[in-house]
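Structural characterization, general
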Amino acid sequence: MTGLMVCAVVLALATTFGLLRARRDGRLRVRTKDGMVRLSEAELGGALGERATLVQFSTAFCQPCRATRRVLAEVVGMVEGVAHVEVDAEERLELVRRLEILRTPTVLVLDAEGRVARRAAGMPRKADVIAALGQVV
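A short tour of the structure in this document, coming up. (Residues numbered from 1 in each chain as written. Predicted model: local features only at pLDDT ≥ 70, side-chain atom pairs only at ≥ 80, totals over all residues. Heavy atoms only, no water.)

Here we come to the side chain of Asp128. Along the chain, the position of Asp128 falls in helix 5 (residues 126–136). The class of Asp128 is buried, set by a relative accessible area of 17%. A polar side-chain atom of Asp128 sits 3.0 Å from a polar atom in the side chain of Arg125. (Helix = DSSP H or I, 4+ residues; strand = E, 2+ residues; numbered from the N terminus. Buried < 20%, exposed > 50% of the residue type's maximum accessible area, 1.4 Å probe, protein only. Polar contact = N/O pair within 3.5 Å; in protein donor to acceptor, adjacent residues only side chain to side chain.)

Written as C-alpha cells, this is what we have:
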C-alpha cells in the first residue's frame, strides 16, 4: 500500500512539473540581468541587424532547433532590418556559460546596440517573436 502511495505522489509531481515546463517552454521573457548584457559581432560570429538581431543557440542533435531556425528565418524575411545569427552551443561554451544558456534551442532578441532584450528557452512561436521584435524595434 505504501508503494502505491509513493508511486501516486511521484506521478502527480512529475505531471505538475511537465505541465509547468510546457507552459513556460518557448515564452519570450525579460530577465533583469539580460538588460546589462551586450553582445558584439565578434562574440556572435555574425553581423548584427540594423534594428534587431535574433540569436539562436543550437546543438547538432537538437530536433527543435531545426524548427526554430525555420521560424526565425520566416520572421527575418517579414521584418526589415532584423538579422538571424545561429551559434553552436558546443563550440562556444564560454559564451553559453556567460549568458547562462541551460538548454537548446535558446533564442535571444537583441536590440540595435546588441543588448539582450528578451530570451526564450525552447521553441518560440512566430507570433511571440514578432511581438518581442515590436517591443525592441
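You can see Arg21 is positioned in helix 1 (residues 2–24). Accessibility expressed as a relative area gives 40% for Arg21, which makes it partly exposed. For the pair Arg21 and Gly122, spaced 101 residues apart in the sequence, the C-alpha separation amounts to 9.9 Å.

A separate point is a nonpolar patch on the surface. A cluster of nonpolar side chains, contributed by Met1, Leu4 and Met5, occupies part of the molecular surface with about 420 Å² of accessible area. Its relative accessible area of 61% is what places Leu4 among the exposed residues. (Patch = residues over 30% accessible without salt bridge, like charges linked within 9 Å, V, L, I, M, F, W, Y side chains within 5 Å. Areas by Shrake-Rupley, 256 points an atom, 1.4 Å probe, with all protein chains shown as cover. Salt bridge = Lys/Arg side-chain N within 4 Å of Asp/Glu carboxyl O.)

Time to look at the packing of helix 3 (residues 63–78) against helix 5. The description of two helices packed together rests on the angle between their axes and the distance between the axes. Between helix 3 and helix 5, the shortest axis-to-axis distance is 10 Å and the interhelical angle comes to 45°. With respect to each other, helix 3 and helix 5 are oriented oblique. For helix 3 against helix 5, the interelement crossing comes out right-handed. Contacts from Val71, Leu72, Glu74, Val75 and Met78 in helix 3 reach Lys126, Val129, Ile130 and Leu133 in helix 5. Broken down by class, the residue content of the contact of helix 3 with helix 5 amounts to seven nonpolar, no polar and two charged. (Axes fitted to C-alpha atoms, helices over the stretch in contact; angles between N-to-C directions. Parallel < 35°, antiparallel > 145°, perpendicular 65-115°, else oblique. Left-handed = near helix turned anticlockwise from the far one by under 90°. Contact = heavy atoms within 4.5 Å. Nonpolar A, V, L, I, M, F, W, Y, C, P; charged D, E, K, R; others polar.)

Right, let's talk about the pattern of salt bridges for a bit. Charged atoms that come close allow side chains of opposite charge to pair. The tally for this structure, following the rule as stated, stands at seven salt bridges. A salt bridge links Asp128 to Arg125, with the nearest nitrogen and oxygen atoms 3.0 Å apart.

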